[in-house]
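Okay, here's what each chain looks like letter by letter:
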Amino acid sequence: MAELRQQLIETARRMATAGLNRGTAGNLSVRHGEEGAPGFLITPTGMAYDVLEAADIVRVRLDGTAEGRRKPSSEWRFHRDLYAARPDAGAILHAHSPFATSLACLRRDIPPFHYMIARFGGDSLRCAGYATFGTQALSDAVLLAIANRRACLLANHGMLVLGDDLAQALDLGIELEALCEQYWRACQLGPPVLLGAAEMATVLEKFAGYGQQA
């Protein structure tokens, strides 16, 4: 577990260097379960990533009980609920990145302006309804918005992505922020031309094997 804790810390620090987070904003977790006690490791609340030590990482069981010397991120509820509902989630990244957050403050879904939207499992990226941070209401909204997707926006809040592991969660977070920036910039010139349903269906089929090596 010590190695996984350190990997979590290193990935959290890369969130900052990648421009996804500043200060103590956002949070990161990775699935970690022992027999009979499934759960996850998560960054603590209110601590800058550059000062974290392995002992600061909190283990949370799926029943909501936390173990460790720190309190878990205030957003531990949607991490717990996502791990319980989504067997494909190995790691979860939440960030307040500039472009994703700007679009989230407009409460906009991101339509199929670019085929890479399919990278996240559908023909759009939804924006979850607003609810106060750290609440069960926010978790419920997240579960609806991210259904059959790998990512969503959180209204007036930020972004959320699911990865197979920590490395993929970070990669998807960076890709999502890039798409949000591209959409934001395109909208400055007018409404983007959207790809049709048939083309997005074709792209989604191609993405079924995307990145897989022989």
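Rules used throughout
- Residues numbered from 1 in each chain as written.
- Predicted model: local features only at pLDDT ≥ 70, side-chain atom pairs only at ≥ 80, totals over all residues.
- Heavy atoms only, no water.
- Core = buried A, V, L, I, M, F, W, Y, C linked by side-chain atoms within 4.5 Å.
- Buried < 20%, exposed > 50% of the residue type's maximum accessible area, 1.4 Å probe, protein only.
- Helix = DSSP H or I, 4+ residues; strand = E, 2+ residues; numbered from the N terminus.
- Contact = heavy atoms within 4.5 Å.
- Pairing = 2+ DSSP bridges.
- Axes fitted to C-alpha atoms, helices over the stretch in contact; angles between N-to-C directions.
- Salt bridge = Lys/Arg side-chain N within 4 Å of Asp/Glu carboxyl O.

**Things to note about the nonpolar core**
- In this structure, M15, L93, I110, L153, M159, L176 and C180 are the most contacted members of the largest nonpolar core, which totals 43 residues.
- Mapped onto this core, the elements with two or more residues apiece are helix 1 (2-17), strand 1 (27-31), strand 5 (91-95), helix 3 (98-105), strand 7 (151-154), strand 8 (158-163), helix 5 (166-189) and helix 6 (197-207).
- Per-element tally for this core: the top contributor is helix 5, with 8 residues.
- Excluding its chain neighbours within four sequence positions, the residues that come into contact with M15 are L20, N21, N27, L28, Y49, L93, H94, A95 and L170.
- V60, W76, L138 and L162 belong to the second largest nonpolar core, which has 21 residues in total.

**Quick word on the sheet that holds strand 2 (residues 39-42)**
- Taken together, the 8 strands give an open sheet; going across it, the order is 4-3-2-1-5-8-7-6, and neighbouring strands pair in mixed fashion. Every interior strand has two partners, whereas the edge strands, strand 4 (66-67) and strand 6 (127-128), have only one.
- Inspection of the sheet shows strand 3 (residues 58-61) paired to strand 4 by 2 bridges, in the antiparallel sense. Within strand 4, the residue paired with R59 across the bridge is E67.
- Packed on one face of the sheet, helix 3 meets strand 6, strand 7 and strand 8 and runs near 60° to strand 7.

**As for the pattern of salt bridges**
- Applying the stated criterion to the full structure yields 12 salt bridges.
- Here R86 makes a salt bridge to D88, at a shortest N to O gap of 2.9 Å.
- What makes D88 partly exposed here is its relative accessible area of 30%.
- Between E175 and R119 there is a salt bridge, and its shortest N-O distance comes to 3.2 Å. One end of the pair, E175, is in helix 5; the other, R119, is in the loop between helix 3 and strand 6, with 56 residues separating them in the sequence.
- By sharing partners, the salt bridges in this structure join E53, D56, R69 and R70 into a single network.

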